Amino acid sequence: MTTDAADGPLAWWQEAVFYQIYPRSFADSDGDGVGDLAGIRTRLADLAWLGVDALWISPFFRSPMADFGYDVSDYCDVDPLFGDLADFDALVADAHGLGMRVVIDWVPNHTSDQHPWFVDASSSRDSPRRDWYVWRDPTPDGSPPNNWVAAFDLTAPAWTFHEPTGQWYLHLFESAQPDLNWDEPAVEAAMHDTLRFWLDRGVDGFRADVVHGIGKDPALPDDPPEVAGVPHCALNDVPVTHERLRSIRTLVDGYPGERMMVGEVFLLTTEAVATYYGHDDELHLAFNFPPLFAPWLADRWRACIEDTQAALDPRDAWPTWVLSNHDNPRHRTRYDRAAARAGEDAATAAVRSGARARAAAVLLLTLRGTPFVYQGDELGLTDADVPKDRVVDPGGRDGCRAPIPWDATPDHGWPTRPGVVPWLPIAPGADVANRASEAADPGSVLHLYRRAIALRHRSPALSRGSCTLRDAPDGVLAYRRRHGDEVVDVLVNFDGADVTLEDRSLLGASLLLDSGDAGPPAAFTGVLGADRAVVLRH
Ligand code: TEU
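The sections below set out a description of the structure shown in this document.

## Some points on the site of the ligand
Here is step 1: Near the ligand, the surroundings consist of 17 residues, among which Asp67, His110, Asp209, His326 and Asp327 are the closest.
Here is step 2: The side chain of Glu264 places a nitrogen or oxygen atom 3.0 Å from an oxygen atom of the ligand.
Here is step 3: Protein coverage of the free-state accessible area of the ligand, which is 490 Å², stands at 90%.
Here is step 4: The class makeup of the residues in the shell around the ligand is seven nonpolar, three polar and seven charged.

Next up, the structure:
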């Protein structure tokens, strides 16, 4: 299957490499053990050096932090933990000055239960804001209004009974995160205003959290028994959401400078995700979850690419690729755990773990579509081992949220005030796997990311060309990127043994990038090393 090369100019967000910042864990400027906006500012030059084009910053808005910022109590202010609006403005100005765009999180499906809107709505059944949230009367047998399951604790209903006013309210996540009722026009208007607030401040776009949740079936029907135990947030998919996304698109596109929205559509098939692009009139981009959850196997990745082409190409929709984020174990850790389950011993893991993560980086940065790098993946980090008494996330997602190790000093760049420790433990191996040590080592994962990003930027075939899957030996994924006369082949060996390629046409092709090497580009010998990815030009 081939995807045609894009002709005509691409938008910046199609050519960009994005970098996700989870602000609590990125860099701390005030020694309270939690990262902040001023901390991010001190590290922008490092990100420019890496070569990324755009930053997506996870929530820094006012929040009681029941879900570490995904429970917003004021959409138009910075939580004091992270700084203030002046810090944000300075951050945007500095990022723009370095040529990087800034995209922020927007959480439209739910607010915090401490948001003045919910405080008001829950004050009385007669509150003028009562209908800003989803309320239902008690059922005769006292059970919740339907069988929807909340995220995180799959035994918990997506409903909480509110004693003072005698009704249930809906929450697809924690009970501290009541769902907004987008059927209420005032809610839609108020949420549009929050977009305008940040667009006026100069943000380049939004990552919209659980954006497929802003429409609900008004009948609130039970989820079918065959999906029992699946959280409703992974199932909610109704037509009215598309109408709302078209209004949002009109609003965002009404601003100059190609503002954009990438939506978190947490649905489990690419086909369903694709519908949220509309016909170039809904989301500019949508995260595609099957590749994020795919195991490290050539045939599974081949299927992910085929599914993406089949679902997105007919819509002229532009793909996204994500290997890790703040909600899931890092890809290195996921692949290592799967290998351990399949019987990989510790000695083999010590060799293969890092090599797999490096090959995955080359895959991520050579596919057709916008790649998103999650902070710390460029250092080859694994998840931190978080002892039980330090687990703080309701979804147990702490391991991938460990603070970024900046250097080899004992505190790894997280000096704290007396009596304070960083909010989560740092990942293992930080004496070597840290920014400063890796910046000084041309063979590091960090340098591999930098080389791969630079190669993508200077190669039209990689940044915008067509993508054709090619035949390859078992365990190898092969695709050809082409733009005009430029033809680039990518080969990824998912197995732990060398493979001799029968395709002699590749012999002598110049090696633009080799995931296993720091060395100068050479000619391809026809042997693809174990756990390696290579990029070749004819
Ligand atoms: O995530 C939505 C979501 O569906 C995932 O959290 C998923 O349920 C979870 O990863 C399963 O482990 C977004 C944010 O990315 C997440 O951090 C928030 O907790 C959530 O929304 C609620 O705002």
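## Some words on the packing of helix α11 (residues 331-341) against helix α12 (residues 346-364)
Here is step 1: Contact pair α11 / α12: the axes reach a minimum separation of 9 Å and the direction vectors enclose 130°. Classified by the interaxial angle, the pair formed by α11 and α12 is oblique. Between α11 and α12 lies a crossing whose hand is right-handed. Touching His331, Arg332, Tyr335, Asp336 and Ala339 of α11 are Ser353, Gly354, Arg356, Ala357 and Ala360, all from α12.

## Considerations on the nonpolar core
Here is step 1: Counting residues in hydrophobic clusters, the biggest one holds 142 residues, and the most contacted among them are Phe60, Trp301 and Leu477.
Here is step 2: In terms of residues, this core owes the most to one element, helix α14 (residues 445-458), which gives seven residues.
Here is step 3: Among all residues touching Leu477, those that are not within four sequence positions of it are Ala298, Trp301, Arg302, Ile305, Leu363, Leu469, Val490, Leu491, Val492 and Phe494.

## A look at the pattern of salt bridges
Here is step 1: This structure, assessed with the given rule, holds 33 salt bridges.
Here is step 2: The salt bridge partner of Arg125 is Asp137, with a shortest N-O separation of 3.4 Å. Remark: Asp137 occurs in the loop between β7 (135-136) and β8 (159-162) and Arg125 occurs in the loop between α5 (116-121) and β7; sequence separation between them is twelve residues.
Here is step 3: The shortest N-O distance in the salt bridge between Asp193 and Arg196 comes to 2.8 Å. With Asp193 and Arg196 both in helix α6 (residues 185-200) and three residues apart, this pair spans about one turn of that helix.

## Observations concerning empty space enclosed by the protein
Rolled over the atoms, a probe with the dimensions of a water molecule shows which regions are left empty.
Here is step 1: In the structure shown here, the tally under the stated rule is six cavities of 30 Å³ or more.
Here is step 2: In this structure, the largest cavity encloses a volume near 90 Å³.
Here is step 3: What lines the largest cavity is a set of ten residues, and nearest its centre among them are Thr308, Gln309, Pro319, Trp321 and Arg368.
Here is step 4: With three residues, helix α10 (residues 298-312) is the single largest residue contributor to the lining of the largest cavity.
Here is step 5: Looking at the lining of the largest cavity residue by residue, the classes come out as five nonpolar, three polar and two charged.
Here is step 6: Around the second largest cavity, the lining residues are Tyr19, Phe26, Asp46, Leu47, Leu50, Glu378, Leu379, Ile404, Trp406, Arg435 and Leu446.

Rules used throughout
- Residues numbered from 1 in each chain as written.
- Predicted model: local features only at pLDDT ≥ 70, side-chain atom pairs only at ≥ 80, totals over all residues.
- Heavy atoms only, no water.
- Near = heavy atom within 4 Å.
- Polar contact = N/O pair within 3.5 Å; in protein donor to acceptor, adjacent residues only side chain to side chain.
- Areas by Shrake-Rupley, 256 points an atom, 1.4 Å probe, with all protein chains shown as cover.
- Nonpolar A, V, L, I, M, F, W, Y, C, P; charged D, E, K, R; others polar.
- Axes fitted to C-alpha atoms, helices over the stretch in contact; angles between N-to-C directions.
- Helix = DSSP H or I, 4+ residues; strand = E, 2+ residues; numbered from the N terminus.
- Parallel < 35°, antiparallel > 145°, perpendicular 65-115°, else oblique.
- Left-handed = near helix turned anticlockwise from the far one by under 90°.
- Contact = heavy atoms within 4.5 Å.
- Core = buried A, V, L, I, M, F, W, Y, C linked by side-chain atoms within 4.5 Å.
- Buried < 20%, exposed > 50% of the residue type's maximum accessible area, 1.4 Å probe, protein only.
- Salt bridge = Lys/Arg side-chain N within 4 Å of Asp/Glu carboxyl O.
- 1 Å grid on protein atoms, 1.4 Å probe; cavity = no way out; pocket = protein on both sides within 12 Å on 5 of 7 lines; lining within 4 Å.
- Points joined across faces, edges and corners; volume = space filled by probe spheres on them.

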